[in-house]
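Observations on the model geometry
Each chain is listed here by its residues.
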Amino acid sequence: MLAAILICGAGMVTSCSTNDNPIIDDPEPALPDQAFMFVQNVQNDSRYVADIMEASSPEGETAMSKVIRLEVNSYEEAQEEFLKLLPEGVAETAFVIEDFYKGLFTEATGYRLNAPATNDEDVIAFSKVYDFMTSIIGFAWVQLTPDLQEAFDAEMIVYMPKAE
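As a starting point, this report considers the structure included with it.

Cut-offs used in this document
- Residues numbered from 1 in each chain as written.
- Predicted model: local features only at pLDDT ≥ 70, side-chain atom pairs only at ≥ 80, totals over all residues.
- Heavy atoms only, no water.
- Helix = DSSP H or I, 4+ residues; strand = E, 2+ residues; numbered from the N terminus.
- Contact = heavy atoms within 4.5 Å.
- Areas by Shrake-Rupley, 256 points an atom, 1.4 Å probe, with all protein chains shown as cover.
- Salt bridge = Lys/Arg side-chain N within 4 Å of Asp/Glu carboxyl O.
- 1 Å grid on protein atoms, 1.4 Å probe; cavity = no way out; pocket = protein on both sides within 12 Å on 5 of 7 lines; lining within 4 Å.
- Points joined across faces, edges and corners; volume = space filled by probe spheres on them.
- Nonpolar A, V, L, I, M, F, W, Y, C, P; charged D, E, K, R; others polar.
- Core = buried A, V, L, I, M, F, W, Y, C linked by side-chain atoms within 4.5 Å.
- Buried < 20%, exposed > 50% of the residue type's maximum accessible area, 1.4 Å probe, protein only.
- Arc of directions from axis to C-beta.
- Polar contact = N/O pair within 3.5 Å; in protein donor to acceptor, adjacent residues only side chain to side chain.

**Focus: the overall build of the protein chain**
Regarding its fold elements, the protein chain presents 5 helices and 7 strands. Going from the N terminus to the C terminus, the protein chain shows its helices and strands as α-α-β-β-α-β-β-β-α-β-α-β. Contacts in the protein chain between residues far apart in sequence, at least 24 positions, make up 51% of those at least 6 positions apart. If you sum the accessible surface of the protein chain, you get close to 10,900 Å²; carbon and sulfur atoms cover 55% of it.

**Here we look at the pattern of salt bridges**
Counted under the stated rule, the structure contains 7 salt bridges. Its salt-bridge partner being Arg 47, residue Asp 45 comes within 2.8 Å of it at the nearest N-O pair. The shortest N-O distance in the salt bridge between Lys 66 and Asp 153 comes to 3.1 Å. In this pair, Lys 66 is assigned in strand S2 (residues 62-72) and Asp 153 in the loop between helix H5 (146-152) and strand S7 (156-161), connecting sequence segments 87 residues apart.

**A word on the layout of surface pockets**
There is about 320 Å³ of room inside the largest pocket. If you go around the largest pocket, you meet 17 residues; those closest to its centre are Met 53, Glu 54, Ala 55, Ile 137 and Trp 141. Elements that contribute at least two residues to the lining of the largest pocket include exactly strand S1 (49-56), S2, helix H4 (134-137) and S7. The element contributing the most residues to the lining of the largest pocket is S1, with 5 residues. A breakdown of the residues in the lining of the largest pocket according to their chemical character gives 13 nonpolar, 1 polar and 3 charged.

**A few points about the nonpolar core**
Ranked by size, the top nonpolar core spans 28 residues in total, and within it Phe 38, Ile 124 and Tyr 159 carry the most contacts. Looking at this core, the elements with two or more residues in it are helix H2 (34-44), S2, helix H3 (75-85), strand S4 (105-115), strand S5 (120-129), strand S6 (140-143), H5 and S7. In this structure, Ile 124 is in contact with Phe 38, Phe 82, Leu 86, Thr 109, Gly 110, Tyr 111, Leu 113, Val 142, Gln 143, Leu 144, Thr 145 and Leu 148, ignoring residues within four places of it in sequence. Grouped together as the second largest cluster of nonpolar side chains are 10 residues, Val 67, Ile 137, Trp 141 and Met 156 included.

**A closer look at the environment of Ile 97**
Along the polypeptide, Ile 97 turns up in the loop between strand S3 (95-96) and S4. Along the chain, Ile 97 and Tyr 111 lie 14 residues apart, while their C-alpha atoms are 9.8 Å from each other.

**Some points on H2**
Looking at H2, one finds that the buried residues are Gln 34, Ala 35, Phe 38, Val 39 and Val 42. Within H2, the buried residues cover an arc of 145° as seen down the axis, which keeps them to one side. The N-cap of H2, judged by a side-chain oxygen 3.3 Å from the amide nitrogen of Ala 35 a few residues on, is Asp 33.

**A few points about H3**
Each full turn of the α-helix corresponds to 3.6 residues, which orients residues three or four apart in the same direction. What H3 keeps buried is the set Tyr 75, Ala 78, Glu 81, Phe 82 and Leu 85. For H3, the arc enclosing every buried residue in end-on projection is 125°, short of the 170-degree limit, so these residues lie on one face. Across H3 from its buried face, at more than 90 degrees, point the exposed residues Glu 76 and Lys 84. Of the surrounding secondary structure, the elements contacted by the buried residues of H3 are H2, S2, S4, S5, S6 and S7.

Right, dumping it as structure tokens:
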């Protein structure tokens, strides 16, 4: 009987190894939330300050907008500072935006920020102001998406000339 147990029991002994498990594909790694990272980058840079931009129409109507402002010396400096805020890989998503506020801007570049938490993609626009208007409305504006406006409690980021 002991011989029968040893012979039959020998077939019951198995070993475990990683090769015994079926191959399970790793799920795709989650994309970083670049929109969140962008918000964090702006909020962590104390040079960006909340402000109110006031504009008057020829009819005498006044409009006020909440903005985030950074003072710079030139459009090139504004662009450089803006690019520092973008998470890794976002600058490579740049594309030209045609016919973007042609009355105020000479050019506009869009950047794509993925936002996996909302299964969405945010596109922010960095726009160059006409030279003759820079002393009044700044060198460049960053038009924010509704989600980013809510996160910042501001409509845009404005790169204004440094005060003399």
